[in-house]
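Remarks on the overall topology
Here is how the chains run, residue by residue.
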Amino acid sequence: MGFQAYQGEGWLLTKAEQLINWGRSRSPWPFPYGTACCGIELMAALASSYDMARFGAERVGFSPRQCDVLIEAGTITKKMVPVLKTIYAQMAEPKWVIAVGACACTGGVFRTYSTQQGIGSIIPVDVFVPGCPPRPEGILYALLKLLDKIQEDHPLYKKRQEVAEALEAGK
Amino acid sequence: MDYDPVCQIDRDPDDLVTINIGPTHPAMHGTLRVIAKTDGETIVSAEPEIGYLHRGVEKLGENFTYHQFIPLTDRMNYCSAIASNVAYEMAVEKLMGIKVPPKAQLVRTIMMELARIADHQVLVGILGVDLGALTPFFYLIIQREEIYDIFEWYNGARLTNTFGRIGGVNADLPDKFHEKWPTLRDTIRKANEETDALLTKNRIWLDRSVGVNAFSAEDALNWGFTGPCLRACGVKRDLRRDEPYMFYDQFDFKIPVGKHGDVFDRYMIRMEEMEESVKIIDQAYAMYQEMPEDAPLMAKVPKIIKPPEGECYHAIETPNGELGFWIRSDGSDKPYRIKIRPPCYMVYQAFGELVKGDMISDTIACLSSLNIIAGELDR
Amino acid sequence: MPKPVVKKEYPLTVRVYLIEIIKGLGLTWKHFVKNIRYSFRKGPHTVPTTWQYPEDRRPISPNFRGAHMLMLNDRGQELCVGCGMCARTCPAKCITVKRGKPAEGEEDRYAGKTCCEDFTIDMLRCIFCGFCEEACPKGAIVLGQGHELAEYTMEACIYDKARLLANYEAARAAGTLKPKPKKVPVDAPPPKAAAAKKSAAKAAPAARKAAKDANGAGKEAKSPEGDKK
Amino acid sequence: MSLKERVQRCLGDDVIAITEYRGDLGIEVPKGNIVSVLTRLKEDETLGFDFLTDLFGVDNLDYYAKKKKKPKKKAAGEEELVEEEEDKGPPPPRFEVVYLLQALKTNERLQVKIRVPEDDMEVDTITTIWKAADWPEREAFDMFGFKFRGHHNLRRLLMWDEFEDHPLRKDYPLEGKGEERHLSYD
């Protein structure tokens, strides 16, 4: 088919991608994984004063299967690492991760035997938020930044590339 | 017993079903895990598993100087960081024999009681959320933001305040407090009344909380309960009254006591304590205003803190109960050993006993009402 | 010890669900109407509860502990002398300072005789405790109001000297520089004879006056001094 | 009668040493008698220490070594050599277990300590007296390696089960030895 033979980014594909991105960026469903102090500020960001729902994050899911954005707020200890891996694996594509706070990003002040020094080495992170804990505005800003990133994504193009690579590997 | 590698539990050959709740569960507050054996809906035995937020604070404390440890106490009980800060500072002051100026003590009292109100507001809100009443959480958190505003104007952080220094406090009460407190007092009371109207006489709420996880006073003392959970069982014990520190012996306040130690009593005690805290702040503020403008806020403390050799234990009543620090100093600028006695650690170890014989859904109510803060629990 | 059994005995008003439910709905309705009414009000913050974040921001405290900046003095000279006190006090060990001498002909750029050649802060490690600010003898490092710090990569969160100086310029342009912190009055050391008595510090107005004179020496270096020469 | 005298009268010969610092009374008792000592302190009418506040271990690996160094710095010459020889004796056992007790009626506090040598880490459990000692004993086992004889569930509490070291010991590095947790299904 001609559609498959065309290798660049065409008009139709670009428009379709824009539509998909628009839809995705208007409804990020967060999975609030608050383990420590940042979880309290995340709670404030979700509650009435700041209200994350204004950016489409209306449905706060507590099941990773039905969420797009993993908001990791708080320390991840080495005991917790396998759990975090499992949660990330359970999320359906497409999935994004926001690491909120110093502990989640690098381990922060806790350079100790039991603290994982940043979740970046376990799962891919899209947005890092410094702060200990960041203000709710900081978390909202990170979400907006993530939405910008989603809007510049190329979901279909990437998908086709993946399929092509898989076909190549299969041969 | 067959070991199940996926759930990491031993499967029981009996009819009992083993259920793993947590550590990631909507109601397990992030990092708590309970392995429960159930007969139908009824819990036969439950064993909590902790350590998912063990960050090595005590080990870190041995490698930090006395001042550097203050930010770590923030991150223990993050709902009321100021109370933890003051508990630690008072322990070091006792170790060094420093007398804190009275005005600094009043500033500490006011901020600590504000933190107590904020802590209890979070607890009541979350307890409502976990039992299906979302609205009180939204109404309470508006007032909590106002309290956080005062904290922010005080020294620039909302949650992890790093409040005070060893020997006193590093700033006077902010202007924001003077201008806000007269109205804030009324709004806190109004929010409490609204929560009261929404919950206290609601039949659905009562059915889910009255008589759930009732606990006797003897058991509670045997398990080492302190704070609101102990008072809910009917024991009138409050370190603010029994071992008075600062000016608590001069304030007029009631200690609310429950009857059965169930979820409802724990909720009611927190609601009443908020009222009492407002009263304490009023009295402390009146005393504060009588002090001269330039009254000292810091005791004379050397720049590098080196307490003499020795060890001591000091505890104060934080929103959760008795928070104590046992510090051994070897004369150097770093503590030789710091042991933290967190209040919810003792409460949570009785969790299996508390929920035995209740329904699974009651574990959620129980856990929320105990106010388990994982950062303090695991340290 | 068996668990106590609690009998559930409710009064009639509670047993009838309806009264309480109507009361609760009335309360929510009251809040709803109030919110609607307030939303027609003019002003930046129109709705009483929710801040419409990117357009309408909550005021931030002037001494908020946000992103760091390296201060300049009135004549545009860098205050930092590269002594490394901040790096030593930092609990998270996130500051790296390299001390250096100003190059020839560039002495005007620096207020001190030495300067910092390199100054990096790993914002992802930083816990914003403000100890660096308190430790700095020159008042060179200050935590500003910047709180929108999210980045896509970890490398972008490591602030170098140029960025810290740019933070200062931005804060000065926006007029959000931190006011000078007030000096905290320090208590005078109690006289030895009265040290044992508990109430000695309470009733000692003379001691307080002495404290006022002596406060400069006792307290840690908190206020930025030395920038106004 | 002061608390010190009452404690001495109640325990008699079981008190090895008494320390008092900033109003905190601490007594040292023999390791083998800890259960009977705590029972007597709890049931004695004049004392009534009926509430266990906390229980924890302490590692004194270099505490006494540091202490001995001190006079060296201050004075030089033969005098301090003589002093040191006098000090010599068997070094105190490495570990300590501290029990913090509280009397609810009189609001008094007491620290009870036992010394535990490194080669004999067995301590009698006190979960028979207070149930509150359950998790603190598990934590002391986890962090220092004390083996509480008779504890019904002596597993690791804070670290994961496969963890081998005891992190709060002084010879364990702060940043760990690079342990990672892996689950069997990974």
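A short tour of the structure in this document, coming up.

Conventions adopted
- Residues numbered from 1 in each chain as written.
- Chains lettered and ligands numbered in written order.
- Predicted model: local features only at pLDDT ≥ 70, side-chain atom pairs only at ≥ 80, totals over all residues.
- Heavy atoms only, no water.
- 1 Å grid on protein atoms, 1.4 Å probe; cavity = no way out; pocket = protein on both sides within 12 Å on 5 of 7 lines; lining within 4 Å.
- Points joined across faces, edges and corners; volume = space filled by probe spheres on them.
- Nonpolar A, V, L, I, M, F, W, Y, C, P; charged D, E, K, R; others polar.
- Pairing = 2+ DSSP bridges.
- Helix = DSSP H or I, 4+ residues; strand = E, 2+ residues; numbered from the N terminus.
- Axes fitted to C-alpha atoms, helices over the stretch in contact; angles between N-to-C directions.
- Buried < 20%, exposed > 50% of the residue type's maximum accessible area, 1.4 Å probe, protein only.
- Contact = heavy atoms within 4.5 Å.
- Parallel < 35°, antiparallel > 145°, perpendicular 65-115°, else oblique.
- Buried area = accessible area lost by both parts, 1.4 Å probe.
- Salt bridge = Lys/Arg side-chain N within 4 Å of Asp/Glu carboxyl O.
- Patch = residues over 30% accessible without salt bridge, like charges linked within 9 Å, V, L, I, M, F, W, Y side chains within 5 Å.
- Areas by Shrake-Rupley, 256 points an atom, 1.4 Å probe, with all protein chains shown as cover.
- Lys, Arg positive; Asp, Glu negative; His and termini not counted.
- Charge placed at Lys NZ, Arg CZ, Asp CG, Glu CD.
- Phe/Tyr/Trp six-rings, centres within 6.5 Å; stacked < 30°, edge-to-face > 60°.
- Lys NZ or Arg CZ within 6 Å of the ring centre and 35° of its normal.

1. A short note on empty space enclosed by the protein
- Per the counting criterion, the structure on display carries eight cavities of 30 Å³ or more.
- What the largest cavity holds in volume is close to 190 Å³.
- Lining the largest cavity are 20 residues, and of these A:Cys132, A:Pro133, A:Pro134, C:Phe64 and C:Arg65 lie nearest its centre.
- Within the lining of the largest cavity, the residues separate by chemical class into 10 nonpolar, six polar and four charged.

2. Concerning the sheet that holds strand S4 (residues 33-39) of chain B
Residue and element names in this part refer to chain B.
- The strand order across the open sheet formed by three strands is S3-S4-S5, and the pairing between neighbours is antiparallel. Strands at the two margins of the open sheet, each flanked by one partner only, are strand S3 (17-21) and strand S5 (42-49). Adjacent strand axes in the sheet meet at a mean angle of 20°, parallel and antiparallel pairs treated alike.
- Pairing between S4 and S5: seven bridges, direction antiparallel. Its bridge partner lying in S5, lysine 37 is registered against serine 45.

3. Concerning the environment of B:Lys279
All names here are of chain B.
- Inspection of the secondary structure assignment puts lysine 279 in helix H11 (residues 263-290).
- We classify lysine 279 as partly exposed; its relative accessible area is 34%.
- Separated by 25 residues in sequence, lysine 279 and lysine 254 have C-alpha atoms that sit 9.6 Å apart.

4. Remarks on the side chain of B:Glu311
- On the secondary structure map, B:Glu311 appears in strand S6 (residues 310-318).
- By relative accessible area, which is 11% here, B:Glu311 ends up buried.
- Each residue touching B:Glu311, except ones within four places of it in the same chain, is listed here: B:Leu95, B:Trp326, B:Ile327, B:Arg328, D:Tyr21, D:Gln111 and D:Lys113.

5. Some words on the packing of helix H4 (residues 102-130) of chain B against helix H14 (residues 360-370) of chain B
All names here are of chain B.
- Relative to each other, H4 and H14 sit at 170°, their axes nearing to 9 Å. Regarding the angle of H4 to H14, the classification is roughly antiparallel. Taken together, the residues of H14 that come into contact with H4 (itself represented by Leu123, Ile126, Leu127 and Asp130) are Ile364, Ala365, Ser368 and Ser369.
- Of the residues assigned to the contact of H4 with H14, the class counts are five nonpolar, two polar and one charged.

6. A closer look at the interface of chain B and chain D
- The partner chain D presents 54 residues to the 55 residues of chain B that form the contact.
- Summed over both sides, the interface between chain B and chain D buries roughly 4700 Å², with carbon and sulfur atoms accounting for 49% of that surface.
- Put simply, chain B and chain D have 11 salt bridges between them.
- D:Glu139 is the salt-bridge partner of B:Lys339, the closest N and O atoms lying 3.8 Å from each other.
- Taken together, the residues of the side of chain B that touches chain D break down into 23 nonpolar, 12 polar and 20 charged.

7. Notes on a negative patch on the surface
- A cluster of acidic residues, A:Glu93, A:Glu162, A:Glu165 and A:Glu168, forms a negative patch at the surface.
- Here A:Glu168 shows up in helix H7 (residues 155-170).

8. Re the packing of aromatic side chains
- The tally for this structure, following the rule as stated, stands at 27 aromatic pairs over all chains.
- Pairing B:Phe137 with B:Phe138 gives two aromatic rings, centres 5.7 Å apart and planes at 50°, and the pair type is tilted.
- With relative accessibility at 9%, the residue B:Phe137 sits in the buried group.
- Measuring from centroid to centroid gives 5.9 Å for D:Phe144 and D:Phe146, while their planes differ by 40°, and the two rings are tilted.
- Taking relative accessible area as the criterion, D:Phe144 reaches 1% and is therefore assigned buried.
- Since its relative accessible area comes to 0%, D:Phe146 is described here as buried.
- Here a set of aromatic residues connected by ring pairs shows up, and it is made of A:Tyr113, D:Trp160, D:Phe163 and D:Tyr172.
- If you follow A:Lys145 out to its NZ or CZ, it ends over the ring of C:Tyr152, 4.9 Å from the centre.
- The ring of B:Tyr336 carries the charged tip of D:Lys170 above its face, separated from the ring centre by 3.9 Å.

9. A short note on a positive patch on the surface
- A cluster of basic residues, B:Lys190, C:Lys30, C:Lys34, C:Arg37 and C:Arg41, forms a positive patch on the protein surface.
- Checked against the element boundaries, C:Lys30 lands in helix H2 (residues 17-39).

10. A look at the pairing of strand S1 (residues 17-21) of chain D
All names here are of chain D.
- Sheet topology places S1 next to strand S2 (residues 24-28); five bridges connect them, and they run antiparallel. Its bridge partner being in S2, threonine 19 is matched across the sheet by glycine 26.
- Linking S1 back to S2 in an antiparallel pair, the connection comprises two residues, with arginine 22 at a positive phi of about 50°.

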